[in-house]
Amino acid sequence: MQDYIFSNDFTRNIDAMIYTCGYENCTPGHSYGPVMRNGYLIHYILGGCGIYKARGKIFHLKEGDAFLICPEELIYYEADRKQPWSYTWIGMQGIKIKSYLERTSLLESLVFHYGQDDQMRLCHEKMFEADQLSTNKDLAMNSIMYEYLFLLARKFPGHLHGGSEKKTGYVDEALKYIESAYCDPITVQDIADRLNINRSYLSRLFKSMTGIPIQDYLLDYRIRQACILLKNTDFSIRTIAHSVSYVDALYFSRLFHQKKGMTPSEYRKHIR
């Protein structure tokens with residue numbers, strides 16, 4: 001078995017990323033779980049058969065089938081004792097992954113079949129090829145992830161009603177605004193005003209669709225950008241604080257220490 005894992009301090013906040021992929025040729029009766037995972041994983045069965053248990057249901061699966069594992073849900077799967085399966089998997093994390101998968105029917109069905117769609121199968125192969133790259137591996141693998149998500153949405157379209165689409169649109173717009181304006185001293189109220197919706201409604205909507213309070217996301221996003229600057233530049237702490245909207249460098253340092261467990265200077269020294 002090969003398991004490729006990309007770790008990131010901000011996996012719960014980063015938009016979308018591949019965090020694991022791999023292949024396993026299972027022994028008879030090989031099982032995994034009961035367990036909960038912290039990301040979305042799709043296993044595609046290359047051969048053999050087995051069972052997948054989730055949400056109180058048992059799915060009997062074979063070659064060409066695939067199954068979705070959702071975060072924070074208790075799951076179990078087991079290879080057949082006579083014809084154990086082999087499978088490949090793709091694991092995705094990020095604040096936007098759920099909204100992307102909501103464009104499909106997979107969150108409801110959990111299991112699906114690729115059929116004759118060679119493009120989807122090829123995405124798994126390309127993931128392993130990308131893993132061999134010595135540079136820009138993350139860009140290559142994430143580009144394949146977006147292609148894969150597009151193919152899933154096209155082959156297994158969801159049935160979002162207008163209200164759900166509108167809510168998803170509000171969250172997407174809030175995320176885009178944060179990404180473009182985090183260096184300015186914007187607040188949650190500013191974001192709500194930008195979207196022309198009530199602040200409390202935006203907060204409830206953002207938390208329900210991402211699992212993260214919008215205020216926490218805004219802070220974490222700024223700290224993440226500060227980490228990038230601390231790692232890749234020689235800017236002063238004051239300049240970096242200003243670059244992520246904080247006029248008071250001491251206040252910025254206190255927030256940074258609360259999130260990272262060390263001061264900005266200590267982080268720069270540690271990461272280098």
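Residues numbered from 1 in each chain as written. Predicted model: local features only at pLDDT ≥ 70, side-chain atom pairs only at ≥ 80, totals over all residues. Heavy atoms only, no water.

Draft legend 1. Examining the overall build of the protein chain more closely. Along the backbone of the protein chain there are 11 helices and 10 strands. On the principal axes, the C-alpha backbone points of the protein chain span a range of 65 × 45 × 30 Å. Counting over 272 residues, the protein chain shows a buried share of 49%. The contacts in the protein chain between residues at least 6 apart in sequence include a share of 71% that link residues at least 24 apart. For the protein chain, the accessible area works out to roughly 14100 Å², and carbon and sulfur atoms hold 50% of it. Across the protein chain, 33 positive and 31 negative side-chain charges occur, with their mean positions spaced 4 Å apart. (Helix = DSSP H or I, 4+ residues; strand = E, 2+ residues; numbered from the N terminus. Buried < 20%, exposed > 50% of the residue type's maximum accessible area, 1.4 Å probe, protein only. Contact = heavy atoms within 4.5 Å. Areas by Shrake-Rupley, 256 points an atom, 1.4 Å probe, with all protein chains shown as cover. Lys, Arg positive; Asp, Glu negative; His and termini not counted. Charge placed at Lys NZ, Arg CZ, Asp CG, Glu CD.)

Draft legend 2. Summary view of the packing of helix H8 (residues 214–232) against helix H10 (residues 249–260). Running from amino to carboxyl end, H8 crosses H10 at an angle of 95°, the nearest separation of the two axes being 11 Å. In this view, H8 runs roughly perpendicular relative to H10, as classed from their interaxial angle. Across the interface between the two elements, Leu219, Asp220, Ile223, Ala226, Cys227 and Leu230 from H8 touch Phe252, Leu255, Phe256, Lys259 and Lys260 from H10. Within the contact of H8 with H10, the residues separate by chemical class into eight nonpolar, no polar and three charged. (Axes fitted to C-alpha atoms, helices over the stretch in contact; angles between N-to-C directions. Parallel < 35°, antiparallel > 145°, perpendicular 65-115°, else oblique. Nonpolar A, V, L, I, M, F, W, Y, C, P; charged D, E, K, R; others polar.)

Draft legend 3. Inspection of H10 at higher detail. Between its first and last C-alpha atoms H10 spans 16 Å; for 12 residues at 1.5 Å apiece the expected length is 16 Å, and the two agree. The complete set of buried residues in H10 reads Ala249, Phe252, Ser253, Leu255, Phe256 and Lys260. Buried residues along H10 cover an arc of 165° about the axis, so they all sit on one side. Exposed residues on H10 whose side chains face more than 90 degrees from its buried face are Leu250 and Gln258. Those residues of H10 that are buried are in contact with H8, helix H9 (237–243) and helix H11 (264–271). (Expected span 1.5 Å × (residues − 1). Arc of directions from axis to C-beta.)

Draft legend 4. Region of interest: the pairing of strand E2 (residues 17–25). Counted residue by residue, E2 has seven buried out of nine residues, so it is predominantly covered. Relative to strand E9 (residues 86–93), E2 is paired through eight bridges, and the arrangement is antiparallel. Within the sheet, the bridge partner assigned to Asn25 lies in E9 and is Ser86. (Pairing = 2+ DSSP bridges.)

Draft legend 5. View of the packing of H8 against H11. At a closest axis distance of 9 Å, the pairing of H8 and H11 adopts a crossing angle of 55°. Comparing their axes, H11 and H8 come out oblique. For H8 against H11, the interelement crossing comes out right-handed. Contact residues: Cys227, Leu229, Leu230 and Lys231 in H8; Pro264, Tyr267, Arg268 and Ile271 in H11. (Left-handed = near helix turned anticlockwise from the far one by under 90°.)

Draft legend 6. Layout of the sheet that holds strand E3 (residues 31–35). If you trace the four strands from one edge of the open sheet to the other, you get E3-E8-E5-E6, paired in antiparallel fashion. Since the sheet does not close on itself, it has two edges, and those belong to E3 and strand E6 (57–62), each with one partner. The sheet shows a mean angle of 15° between the axes of neighbouring strands, taken without regard to direction. Relative to E6, strand E5 (residues 49–54) runs antiparallel, the two sharing six bridges. Residue pairing for E6: Lys53 is matched across the bridge by Ile58.

Draft legend 7. Representation of helix H6 (residues 188–195) in the model. Taken together, the buried positions of H6 are Val188, Ile191, Ala192 and Leu195. For H6, the buried positions fall inside an angular range of 100° around the axis, keeping them on one side. The positive-phi residue at the C-terminal boundary of H6 is Asn196, with phi of around 60°.

Draft legend 8. The arrangement of the nonpolar core in detail. Counting 49 residues, the largest nonpolar core has Ile42, Tyr52, Leu68, Trp85 and Ile97 as its most contacted members. Per element, the largest residue contribution to this core is eight residues, and it comes from helix H4 (residues 137–155). Once residues within four sequence positions are removed from consideration, Ile97 is found in contact with Asp15, Ala16, Tyr40, Met92, Met145 and Leu149. Residues Tyr170, Ile178, Ile214 and Tyr267 belong to the second largest nonpolar core, which totals 39 residues. (Core = buried A, V, L, I, M, F, W, Y, C linked by side-chain atoms within 4.5 Å.)

Draft legend 9. Spotlight on the environment of Leu149. One can find Leu149 in helix H4. Judged by its relative accessible area of 9%, Leu149 falls in the buried class. Residues Leu149 and Val111, 38 residues apart in the sequence, show an inter-C-alpha distance of 15 Å. Each residue touching Leu149, except ones within four places of it in the same chain, is listed here: Met92, Ile97, Tyr100 and Leu101.

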